[in-house]
Amino acid sequence: MRLGSGTFAACCVVIEVLGVALFLRGFFPTPVRSSARTEHQAEPPAPEPSAGASSNWTKLPPPLFRKVVIMLIDGLRDDFVFGSKGVKFMPYTTYLVEKGASHSFVAEAKLPTVTMPRIKALMTGSLPGFIDVVRNLNSPALLEDNVITQAKAAGKRIIFYGDETWVKLFPRHFVEYDGTTSFFVSDYTEVDDNVTRHLDKVLKRGDWDVLILHYLGLDHIGHVSGPSSPLIGHKLREMDSILMKIHTSLLSEERETLVPNLLVLCGDHGMSETGGHGASSVEELNTALILISSAFERKPGDIRRPKHVQQTDLAATLAIGLGLPIPGNSVGSLLFPTVEGRPVREQLRFLHLNAVQLSKLLQENVPSYTKEPGFEQFKMSERLHGNWIRLYLEENNSEVLFNLGAKVRRQYLDALRTLSLSLSRQVAQYDIYSMLVGTVMVLEVLALLLLSIPQALSSEAELEVPLWSPVFSLLFYLMFLVLSALHVIVCTSTESSCYFCGLSWLTAGGVMALISALLCAVGSALAKMFADGKFLSKNPAHPKARWSELDVLILLGTTGHVLSLGASSFIEEEHQTWYFLINTLCLALCHEIYRNCFLRDDCEPQQCSHVEEGFVSPAPALQDRSIRCNMLEPHRVSKGPTSLDTLRGYEKWMVLASPWVILTCCRLLRSLNQTGVQWAHRPDLGHWLTSSDHKAELSVLAALSLILIFALVQRRCSLTSKVAMALGLLGVYCYRAAIGNVLFPWQRDSKDISKGVIEARFVHVFVLGILFTGTKDLLKSQVIAADFTIKTVGLWEIYSGLVLLAALLFRPHNLPVLVFSLFIQTIMTKFIWKPLRHDAAEITIMHYWFGQAFFYFQGNSNSIATVDVSAGFVGLDTYMEVPAMFLTAFATFAGPVLWASHLVSFLSSETSRGHQHNKEETLACCL
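Here the structure is a predicted model, which means the values were calculated and not measured.

Trainee: Hey, could you go over the overall build of the chain for me, with residue numbers and the actual values?
Mentor: Within the chain, the secondary structure is distributed over 34 helices and twelve strands. Among the 927 residues that make up the chain, the fraction classed as buried is 50%.

Right, dumping it as structure tokens:
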């Protein structure tokens with residue numbers, strides 16, 4: 001069966017999309033959900049269990065608190081409250097934790113540790129999925145059962161001030177609200193003042209039941225300056241004074257009403273040592289949670305140390321405290337210290353309601369729920385609870401009743417803990433079978449694409465897909481029967497839910513037939529390639545072209561990296577893979593240079609025969625001229641054979657030393673930023689430079705780096721671009737000095753700190769000017785088709801404009817990363833790629849490897865916690881979604897982008913050089 005290359009590619013894309021979708025469906029399983037309760041129809045509460053006696057408690061318990069104030073401080077790490085910073089900067093909060101009427105907890109958040117999913121977890125008690133990371137940018141209305149919706153349905157009046165994410169999640173739920181933009185991280189003052197300015201008036205009013213305050217300033221300081229910034233202390237002191245104001249107001253109100261209120265101080269997530277969040281480090285997961293109320297009486301000498309709980313436990317606790325049903329999707333358990341001062345019957349009633357809700361959720365999401373230990377513990381607790389109720393209604397106040405009540409309470413708490421753990425584990429279970437089927441489809445299509453590239457790129461642009469041959473048909477039917485049998489075995493033996501097994505047999509059979517057909521097509525293509533003897537050929541069009549050692553290394557390294565992504569540990573520490581690959585590449589290049597310069601293929605000494613065109617070289621032999629006239633290689637760098645002894649001294653030694661120079665640069669860069677998961681917490685040079693004690697050293701390093709950037713970039717720019725580049729780099733330093741990162745020589749302190757908007761926009765103007773100049777040259781080259789020089793200059797100026805933008809967005813301690821990137825590109829261009837005559841494919845892969853390595857040299861990782869959100873607001877004085885997203889993405893992927901743009905510029909330059917060389921060769925042949 002013959003297919004056009006376009007049709008074949010379209011079919012492959014469709015199958016790839018289906019395979020990736022099936023894999024993602026297994027990798028991101030649907031979270032546990034309850035179908036028993038909707039927003040408009042609430043299920044009646046479970047009655048109190050009884051054993052031979054009728055209980056008169058069939059309704060929800062009354063509220064425990066008259067008013068509830070939730071003060072959520074974004075990015076509030078547990079050590080900011082319970083550590084040395086809390087003692088120093090939050091004295092009132094520390095007093096409440098150590099001696100006041102409060103209960104303190106370290107609440108552990110789950111992934112992903114970004115704001116919107118954490119708000120959902122706090123209010124629903126459920127575990128949001130990773131898709132909520134995307135929804136965090138523009139949060140849709142929350143349709144799940146949650147505390148806010150239940151409170152509104154019960155007639156509670158809710159007021160909200162703070163992060164506008166709440167307004168998007170709960171539209172038309174608040175009787176009064178004032179939202180603030182959460183993404184403009186450069187603002188950490190006004191964003192909190194806009195919340196606090198409402199407090200004096202609203203605390204004096206009595207027309208509300210729930211007040212929610214979401215402060216963003218602490219998180220913004222973390223994004224901009226990190227958790228060690230002096231600004232953190234000032235912000236914590238501000239939050240402490242606000243907490244004292246709220247608590248004092250609630251206490252004065254309680255003296256009049258004699259009904260306790262509840263003040264909740266919590267964080268949605270923590271922050272890493274670099275100030276970001278979104279990953280799974282302890283600093284990002286552990287947040288402070290303090291429940292403050294006069295109902296929590298504390299006896300003298302009663303020491304209450306913070307207990308570790310789950311963040312999802314707050315939803316059930318708030319629901320009980322407000323007299324509301326527990327959200328149906330909640331996997332959290334009641335924080336028992338909040339009700340331990342109540343009568344035993346009320347305690348057991350609260351625990352029973354929570355256990356019933358969790359057991360129903362378990363029944364709806366786990367097919368074999370009866371085998372779960374938590375469900376068995378719940379049934380045992382319910383029976384004991386019924387016996388206790390019978391004794392209680394008989395007015396038996398003996399010690400037996402007291403001991404049985406204590407036993408039932410322990411049994412309930414154990415059941416709640418086990419049920420919550422089982423449900424949380426259910427969310428973390430992968431659908432391995434669906435993932436495996438999707439992976440097989442993707443790999444088969446990739447293999448078929450690789451094997452079909454020579455045919456697809458041929459002059460006919462067609463390829464033969466052997467679908468109808470007898471051998472193929474027999475193999476196809478055998479594979480189809482084997483896969484169908486495996487499908488039946490897997491789907492009938494598994495106890496957990498599986499998406500692929502839930503598909504109809506017709507659909508599953510079609511997928512199995514597709515997999516069988518692809519497997520047979522790959523096998524047939526491999527057999528044909530072996531039969532034609534082209535398997536070991538680097539270029540099927542030229543069977544004599546063989547793979548070099550460097551080609552094998554590039555192929556094995558790229559393939560090995562792809563295979564390593566099948567393990568989560570390799571994904572978390574992917575930077576180690578790239579560091580190893582580029583180090584190995586440098587050693588391979590060193591071996592190739594020394595062998596070409598000192599040894600022949602038979603290991604005999606010889607002169608270095610591959611040299612850059614610009615090097616001094618003797619006149620080529622006459623017999624070589626006719627060969628070059630007939631066989632020109634436009635895809636390679638044009639060269640002539642020369643002697644190593646005839647080269648200028650520094651050029652000869654730079655060719656020999658260049659791999660070791662690159663290795664040294666890479667080793668220095670590894671010491672600048674620790675990344676990954678296992679070693680990200682270890683100190684590095686970046687932490688040392690960014691500390692306030694070493695601002696002078698950072699200033700000198702930043703200034704020197706900017707000078708070197710100009711020296712490395714300006715060599716091929718026009719005069720106008722050189723001036724713009726110099727002024728732009730000067731503006732970069734002025735911007736960093738304006739925001740307090742670095743110092744001017746005459747500046748002794750950083751008191752006059754601004755947002756640096758004017759300085760950053762000054763640099764943006766020069767970036768746009770350089771990009772415009774390069775684009776104009778590119779368009780001009782399209783008109784003058786024969787002038788390749790204009791195109792080369794235009795591409796280099798676009799590249800230099802991107803370098804200037806990267807210098808503006810990079811933090812000062814990361815400017816050496818940009819310097820080393822430019823330096824390595826210069827070294828490899830002059831002393832490796834041109835002398836060794838590497839072809840376009842090899843140079844492209846090398847650019848890809850180094851681009852990926854420099855992504856991690858920046859301090860990035862595969863965790864969203866390392867994304868520098870503050871870079872998206874350089875030069876902005878308000879939140880603008882499109883520019884902020886572009887700047888953040890560019891700052892994050894600056895390494896790969898700069899290496900890709902350098903690749904385009906380099907290949908265009910060599911093409912121009914090749915055309916010029918061909919003209920000279922043709923003229924020489926004619927003469």
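Trainee: Any details on the sheet that holds strand S4 (residues 158–163)? Residues and values, ideally.
Mentor: Ordered in space as S5-S4-S6-S2-S7-S8-S3-S9, the eight strands form an open sheet in which the pairing is mixed. The two strands at the open ends of the sheet, each matched to only one other strand, are strand S5 (176–180) and strand S9 (307–310). The sheet shows a mean angle of 15° between the axes of neighbouring strands, direction not considered. As paired elements, strand S2 (residues 68–73) and strand S7 (residues 262–266) share five bridges and run parallel to each other. Residue pairing for S7: Ile-70 is matched across the bridge by Val-264. Helix H12 (residues 230–257) contacts S2, strand S6 (210–215), S7 and strand S8 (286–292) of the sheet and is inclined by roughly 175° relative to S2.

Trainee: Which residues make up the state of the cysteines, and what values do they have?
Mentor: All chains considered together, the criterion is met by one disulfide. A disulfide bridge connects Cys-491 with Cys-501, and the sulfur atoms are separated by 2.1 Å. Looking down the S-S bond of the Cys-491 and Cys-501 bridge, the torsion is -85°, so its handedness is left-handed. Of this pair, Cys-491 sits in helix H19 (residues 470–493) while Cys-501 is found in the loop between H19 and helix H20 (505–532), placing the two residues ten residues apart along the sequence. A relative accessible area of 19% means that Cys-491 is categorised as buried. The exposure class of Cys-501 is partly exposed, given its relative accessible area of 22%. No disulfide involves Cys-11; its nearest neighbouring cysteine sulfur is the one of Cys-12, lying 7.0 Å away.

Trainee: Describe the packing of helix H21 (residues 549–564) against helix H23 (residues 574–598), and please don't skip the residues or the numbers.
Mentor: As a packed pair, H21 and H23 sit with axes 10 Å apart at the nearest point and diverge in direction by 175°. Comparing their axes, H23 and H21 come out roughly antiparallel. Counted together, Glu-549, Leu-550, Leu-553, Gly-557 and His-561 of H21 and Glu-574, Thr-577, Trp-578, Leu-581, Thr-584, Leu-585, Ala-588, Leu-589, His-591, Glu-592 and Arg-595 of H23 form the full contact between these two elements. Grouping the amino acids of the contact of H21 with H23 by side-chain chemistry returns seven nonpolar, five polar and four charged.

Trainee: Break down H12 for me, with residues and values.
Mentor: Here H12 is 28 residues long and its end C-alpha atoms lie 42 Å apart, about the 40 Å a rise of 1.5 Å per residue gives. Downstream of H12 by one or two residues, Leu-258 has phi in the positive range, about 60°.

Trainee: Describe the confidence of the model for the chain, listing the residues and the values that go with them.
Mentor: Confidence in the prediction for the chain averages 83 pLDDT; 84% of positions are at 70 or higher. Below a pLDDT of 50 lies the segment residues 601–646, which in the model reaches 80 contacts outside its immediate sequence neighbourhood of four places, other chains included.

Trainee: Got a sec to walk through the pairing of S8? Specific residues and values, please.
Mentor: Across the seven residues that make up S8, a large majority, seven, are buried. Across the two faces of S8 the burial is the same, with Asn-286, Ala-288, Ile-290 and Ile-292 and Thr-287, Leu-289 and Leu-291 all buried. Relative to S8, strand S3 (residues 102–108) runs antiparallel, the two sharing seven bridges. Looking across to S8, one finds that Ser-104 is bridged to Ile-290. As paired elements, S7 and S8 share four bridges and run antiparallel to each other. Bridged to Leu-263 within S8 is Ile-292.

Trainee: Go over unusual backbone geometry with me, naming the residues and quoting the values.
Mentor: In this chain, Leu-111 is followed by Pro-112 through a cis amide linkage whose omega measures -5°. Mapped onto the fold, Pro-112 is located in the loop between S3 and helix H5 (115–124). Phi angles above zero are rare outside glycine, and Leu-258 is one such case at about 60°. By relative accessible area, Leu-258 is classed as exposed at 72%.

Trainee: Tell me what's going on with H5, and back it up with residues and numbers.
Mentor: For H5, the buried fraction is high: ten of the ten residues fall into the buried class. Here H5 has its buried residues at Thr-115, Met-116, Pro-117, Arg-118, Ile-119, Lys-120, Ala-121, Leu-122, Met-123 and Thr-124. Immediately downstream of H5, the backbone of Gly-125 shows phi near 80°, a positive value.

Trainee: Tell me about the environment of Asn-403, and please be specific about residues and values.
Mentor: Along the chain, Asn-403 falls in helix H17 (residues 399–427). A relative accessible area of 39% means that Asn-403 is categorised as partly exposed. Sequence separation between Asn-403 and Trp-388 is 15 residues, and the spatial gap between their C-alpha atoms is 9.8 Å.

Trainee: Describe in detail the packing of aromatic side chains, supporting the description with residues and values.
Mentor: One pass over the structure, following the stated rule, counts 24 aromatic pairs. On the numbers, 5.4 Å between centres and 25° between planes, the contact of Phe-160 with Phe-174 is stacked. Remark: Phe-174 occurs in the loop between helix H8 (165–169) and S5 and Phe-160 occurs in strand S4; sequence separation between them is 14 residues. Under the relative-accessibility criterion, Phe-160 is labelled buried at 0%. Here Phe-174 falls in the buried class, since its relative accessible area comes to 9%. Measuring from ring centre to ring centre gives 5.5 Å for Trp-578 and Tyr-848, while their planes differ by 85°; the resulting arrangement is edge-to-face. Residue Trp-578 is located in helix H23, and its partner Tyr-848 is located in helix H32 (residues 840–857); the two are separated by 270 residues in the primary sequence.

Cut-offs and rules
Residues numbered from 1 in each chain as written. Predicted model: local features only at pLDDT ≥ 70, side-chain atom pairs only at ≥ 80, totals over all residues. Heavy atoms only, no water. Helix = DSSP H or I, 4+ residues; strand = E, 2+ residues; numbered from the N terminus. Buried < 20%, exposed > 50% of the residue type's maximum accessible area, 1.4 Å probe, protein only. Pairing = 2+ DSSP bridges. Axes fitted to C-alpha atoms, helices over the stretch in contact; angles between N-to-C directions. Contact = heavy atoms within 4.5 Å. Disulfide = S-S within 2.5 Å. Parallel < 35°, antiparallel > 145°, perpendicular 65-115°, else oblique. Nonpolar A, V, L, I, M, F, W, Y, C, P; charged D, E, K, R; others polar. Expected span 1.5 Å × (residues − 1). pLDDT = per-residue confidence, 0-100. Phe/Tyr/Trp six-rings, centres within 6.5 Å; stacked < 30°, edge-to-face > 60°.

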